[in-house]
Amino acid sequence: MRFAFPFRASAGRSLCAVAALALLAPIAVVPSRAQTDQHAALSSDGKTEAAKPDATQPAATADATNPPQPGVAAKAFDRVKQAAKSASDIFNRVPCHQPKGVPNSTGSLPHVAAKLAAGKPVVIIAFGSSSTQGYGSSAPEFTYPNRLAGQLRRQYPSADITVLNRGKGGEDAPEMMKRLQTEVIDVHPDMVIWQVGTNAVLRNLDPTETAKQVEDGVARLQASGADVVLVDPQYSPRVTERPESARGMVKLLGRIAALRHVGIFPRFEVMRDWHEKQAIPITDFVIADGLHMNDWGYACFAQLLGDDIIRSVGAIKIGVNVPADVRTYRPM
């Protein structure tokens, strides 16, 4: 499987320039203020997911009134070409296959589907800690929210799709709940992908309290009108060295998703399938810290999550399990 970057060449525009624009357009993600914060909320043993602010900053763009010097422009274009090559061939090195026996549990996404069907702008927020922020990725375009944005825009080329990255390293439910209103709900997203639970495992947080906070957060997101998909912890050495806590968190988030009738992306099982059933070495998708994903890990995670979202939206658009008040979209 490889990423495709469709484009249409026009008169007077070189093929390479169009390819560069096509690459850059689908991957722009608006960062939050949290992404520029240098602080990672580390526990006393330093084992929480760490922040890497510059991994999620957008690539610099030239001011139209201040064009870059020829040498600078050439170097920038070389970086674009290299990014295009990396984006297109990353799955040639290790293919990204849909795990067998791991069901699509993203659930229905009525608000996103209704807006896409009506040609309305769609806003998606990726909310979470450092694996949302992008720690471990080699460039901004390789974070999972950027990868997901590109995939969805290629699937729905006429849609106005915005993906906002609201990941902040070192956090879990207690810290995320403090910024849920201002950084998520007040933006009025159509969909929130909430990655949570890894730092709760690493910091030995009380699972009962975590469950209360996550359930309250999901309820508030639903009340705001957003579709919700939870993402459980990653399968990586630092997490699996605490097997009881890891399994407990996976079950806890699954119960909340079922109780609140929201989707869940089973990241733990998907990544375990990579290693145990597809025989992919851990080092092929996890960086040297034993916790965070690398470029391939984020790319495959985003690809599979995007596939689930596209299938869920497709089911809603053809009338499968569509609530009565969603069949006809009425703009607010």
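Residues numbered from 1 in each chain as written. Predicted model: local features only at pLDDT ≥ 70, side-chain atom pairs only at ≥ 80, totals over all residues. Heavy atoms only, no water.

**What about the overall build of the chain?**
Here is step 1: Looking only at helices and strands, the chain features 12 helices and six strands.
Here is step 2: With 332 residues in all, the chain has 52% of them scored as buried. (Helix = DSSP H or I, 4+ residues; strand = E, 2+ residues; numbered from the N terminus. Buried < 20%, exposed > 50% of the residue type's maximum accessible area, 1.4 Å probe, protein only.)

**Considerations on the packing of aromatic side chains**
Here is step 1: In total, this model carries six aromatic pairs according to the counting rule given.
Here is step 2: For the ring pair phenylalanine 265 and phenylalanine 301, a centre distance of 5.4 Å and an interplane angle of 50° mean the geometry is tilted. Of this pair, phenylalanine 265 sits in strand E6 (residues 263-265) while phenylalanine 301 sits in helix H12 (residues 295-317), and the two are 36 residues apart along the sequence. Of the two residues, phenylalanine 265 and phenylalanine 301, neither departs from the other in class, the shared state being buried.
Here is step 3: These aromatic residues form a ring-pair network of at least three members: Tyr144, Phe265 and Phe301. (Phe/Tyr/Trp six-rings, centres within 6.5 Å; stacked < 30°, edge-to-face > 60°.)

**Comments concerning the pairing of strand E5 (residues 227-231)**
Here is step 1: The element E5 is largely enclosed, with a buried count of five among its five residues.
Here is step 2: Side chains of E5 alternate between two faces, with Asp227, Val229 and Val231 and Val228 and Leu230 buried alike.

**Looking at unusual backbone geometry**
When glycine is set aside, most residues are seen to have a negative phi, and most peptide bonds are trans.
Here is step 1: The backbone of asparagine 204 shows a phi angle near 55°, a positive value even though the residue is not glycine.
Here is step 2: Here asparagine 204 lies in the loop between helix H7 (198-202) and helix H8 (207-223).
Here is step 3: According to the relative accessible area criterion, asparagine 204 is exposed, its value standing at 56%.
Here is step 4: Not every positive phi belongs to a glycine, and alanine 279 is a case in point at roughly 60°.

**What about the state of the cysteines?**
Here is step 1: Under the definition given, this model contains one disulfide.
Here is step 2: With its sulfur 2.0 Å from that of its partner, cysteine 96 forms a disulfide with cysteine 300. Across the disulfide from cysteine 96 to cysteine 300, rotation about the S-S bond amounts to roughly 85°, and the bridge is consequently right-handed. Highlighted residues: cysteine 96 in the loop between helix H2 (70-93) and helix H3 (110-118) and cysteine 300 in helix H12, separated in sequence by 204 residues.
Here is step 3: With relative accessibility at 2%, the residue cysteine 96 sits in the buried group. (Disulfide = S-S within 2.5 Å.)

**Section: the nonpolar core**
As a rule of thumb, soluble globular proteins bury nonpolar side chains together.
Here is step 1: Counting 51 residues, the largest nonpolar core has Tyr144, Ile193, Trp274, Trp296 and Ile309 as the members making the most contacts within it.
Here is step 2: Per element, the largest residue contribution to this core is 12 residues, and it comes from H12.
Here is step 3: Residue contacts for isoleucine 309: discarding those within four places in its chain leaves Thr106, Leu109, Leu148, Leu152, Met191 and Ile193.
Here is step 4: If you look at the next biggest cluster of nonpolar residues, it comprises 28 residues, including Leu164, Ile185, Ala211 and Val214. (Core = buried A, V, L, I, M, F, W, Y, C linked by side-chain atoms within 4.5 Å. Contact = heavy atoms within 4.5 Å.)

**Brief notes about the pattern of salt bridges**
Here is step 1: Enumeration over the complete set of coordinates arrives at six salt bridges.
Here is step 2: In this structure, arginine 179 engages glutamate 183 in a salt bridge whose closest nitrogen and oxygen atoms are separated by 2.9 Å. Taken as a pair, arginine 179 and glutamate 183 lie in helix H6 (residues 173-183) at a separation of four residues, close to a single helical turn. The exposure classification of arginine 179 matches that of glutamate 183, with both residues buried.
Here is step 3: Between aspartate 308 and arginine 311 there is a salt bridge, with the nearest N and O atoms lying 2.5 Å from each other. Of this pair, aspartate 308 and arginine 311 both sit in helix H12, three residues apart, roughly one helical turn.
Here is step 4: One salt-bridge network, in which partners are shared between bridges, spans Glu171, Arg179 and Glu183. (Salt bridge = Lys/Arg side-chain N within 4 Å of Asp/Glu carboxyl O.)

Read these as geometric descriptors, not functional statements.
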